[in-house]
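# Structure assessment
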Amino acid sequence: GAVVSQHPSRVICKSGTSVKIECRSLDFQATTMFWYRQFPKQSLMLMATSNEGSKATYEQGVEKDKFLINHASLTLSTLTVTSAHPEDSSFYICSARDPKGTENQPQHFGDGTRLSIL
Amino acid sequence: AQSVTQLDSQVPVFEEAPVELRCNYSSSVSVYLFWYVQYPNQGLQLLLKYLSGSTLVKGINGFEAEFNKSQTSFHLRKPSVHISDTAEYFCAGPKAAGNKLTFGGGTRVLVKP
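Residues numbered from 1 in each chain as written. Chains lettered and ligands numbered in written order. Predicted model: local features only at pLDDT ≥ 70, side-chain atom pairs only at ≥ 80, totals over all residues. Heavy atoms only, no water.

## Regarding the side chain of Thr113 of chain A
Within the element layout of this structure, Thr113 of chain A appears in strand 11 (residues 113–117). Among the polar contacts listed, one links the side chain of Thr113 of chain A to the backbone oxygen of Pro8 of chain A, at a separation of 2.5 Å. (Helix = DSSP H or I, 4+ residues; strand = E, 2+ residues; numbered from the N terminus. Polar contact = N/O pair within 3.5 Å; in protein donor to acceptor, adjacent residues only side chain to side chain.)

Below, the structure written as structure tokens:
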């Protein structure tokens, strides 16, 4: 079945560091990928939609200069948390939907990245 | 836009007992719904999906769900749980036109021996 790979699985770094997270679709081409943030014991919150070859669209309240998204190819989207601070510590998850098929097909999720800012 | 509500934040259950996780959705012209499971420190894995057709949907790991249009519900059930079913379960549906998903708040299932 379709697989989405996310890397790294865990990052621990100092405040002020920029951190890049990669999301790859392994056996399909994804023109659209999604980035979510999940706080402990809470649900997923959609941060932004990553669009191949164009700008990402951000959800209300998400700082686009803080969370840079690049979708340079049909199989790779990256999320860069710029100048990370402790409040950015969270679990970040990406997803993608195989475009072959109807709009209502399920999204496939990566295994997430645990980001801890000291 | 559609919203999804999970009525129980936590459900403790004994091993081999049945479990039901409740999910209600707001009415929408086009309805499709999913149940996902999340194990600790992992992403989400699709359990089952309702797109159209039969209202009783069978998924992986012995789970099933029933789409009920009159009650706007999509409850998840398993007749006999295992310790390995301990996880967080999310109901999800379309957020708006397009590919976006909206998630319920999640239900934590704790299976006790």
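That covers the picture; the talk isn't over yet.
## Overview of the interface of chain B and chain A
Every contact between the two is made by 21 residues of chain B and, on the other side, 24 residues of chain A. Of the roughly 1,900 Å² buried at the junction of chain B and chain A (both faces included), carbon and sulfur atoms supply 51%. Taken together, chain B and chain A are joined by 2 salt bridges. Glu59 of chain A is the salt-bridge partner of Lys100 of chain B, the closest N and O atoms lying 2.7 Å from each other. Of all the secondary-structure elements, those providing two or more residues to the side of chain B that touches chain A are strand 5 (33–38), strand 6 (44–50) and strand 11 (101–103) of chain B. (Contact = heavy atoms within 4.5 Å. Buried area = accessible area lost by both parts, 1.4 Å probe. Salt bridge = Lys/Arg side-chain N within 4 Å of Asp/Glu carboxyl O.)

## Concerning the sheet that holds strand 8 (residues 76–81) of chain A
All names here are of chain A. Strand order across the open sheet formed by 4 strands is 1-3-8-7, with antiparallel pairing between neighbours. The sheet terminates laterally at strand 1 (4–7) and strand 7 (67–73), the two strands that pair on one side only. Between one strand and the next, the sheet's axes are offset by a mean angle of 15°, whatever the strand orientation. Here strand 7 pairs with strand 8 via 5 bridges, running antiparallel. By the bridge assignment for strand 8, Ser73 is matched with Leu76. (Pairing = 2+ DSSP bridges. Axes fitted to C-alpha atoms, helices over the stretch in contact; angles between N-to-C directions.)

## Re the nonpolar core
Membership of the largest hydrophobic core comes to 27 residues, with the highest contact counts inside it found for Leu21, Trp35, Leu47, Leu48, Phe74, Leu76 and Tyr89 of chain B. Once residues lying within four places of it in the same chain are set aside, the contact partners of Phe74 of chain B are Cys23, Leu33, Phe34, Trp35, Leu48, Tyr50, Val57, Ala65, Glu66, Phe67 and Cys91 of chain B. Core analysis: the second largest hydrophobic core is formed by 24 residues, Ile21, Met33, Trp35 and Tyr92 of chain A among them. (Core = buried A, V, L, I, M, F, W, Y, C linked by side-chain atoms within 4.5 Å. Buried < 20%, exposed > 50% of the residue type's maximum accessible area, 1.4 Å probe, protein only.)

## Focus: unusual backbone geometry
All names here are of chain A. In the segment running from His7 into Pro8, the intervening peptide bond is cis, with an omega of 0°. Turning to its location among the elements, Pro8 is positioned in the loop between strand 1 and strand 2 (10–13). Positive phi is not limited to glycine here, since Ser83 has a value of about 45°. Residue position: Ser83 is located in the loop between strand 8 and strand 9 (90–96).

## Description of the packing of aromatic side chains
Inspection of the entire model under this criterion finds 13 aromatic pairs over all chains. Look at Phe109 of chain A and Tyr36 of chain B: their rings are 5.1 Å apart centre to centre, the planes differ by 80°, and that puts the pair in the edge-to-face class. Here Phe109 of chain A, found in strand 10 (residues 108–109), pairs with Tyr36 of chain B, found in strand 5, and the two come from separate chains. Aromatic pair Phe90 of chain B and Phe103 of chain B: ring centres 6.3 Å apart, planes at 90°, arrangement edge-to-face. Note that Phe90 of chain B is positioned in strand 10 (residues 87–94) and Phe103 of chain B in strand 11, a separation of 13 residues in sequence. On the accessibility criterion, Phe103 of chain B (10% relative accessible area) is buried. (Phe/Tyr/Trp six-rings, centres within 6.5 Å; stacked < 30°, edge-to-face > 60°.)

## Quick word on the pattern of salt bridges
Under the definition given, this model contains 10 salt bridges over all chains. Of the charged contacts, one joins Lys95 of chain B and Glu59 of chain A as a salt bridge, the two residues approaching to 2.8 Å between their closest N and O atoms. Placement of Lys95 of chain B in the loop between strand 10 and strand 11 and of Glu59 of chain A in the loop between strand 6 (57–58) and strand 7 is noted, with the two residues assigned to different chains. On the basis of relative accessible area, Lys95 of chain B is assigned to the partly exposed category, the value being 27%. Using a relative accessible area of 14% as the deciding quantity, one classes Glu59 of chain A as buried. A cluster of three or more residues bridged by salt bridges with shared partners is formed by Glu59 of chain A together with Lys95 and Lys100 of chain B.

## A short note on the environment of Asp65 of chain A
Position of Asp65 of chain A among the secondary structure elements: in the loop between strand 6 and strand 7. Along the primary structure Asp65 of chain A and Ser83 of chain A are separated by 18 residues, whereas in three dimensions their C-alpha atoms are 10 Å apart.

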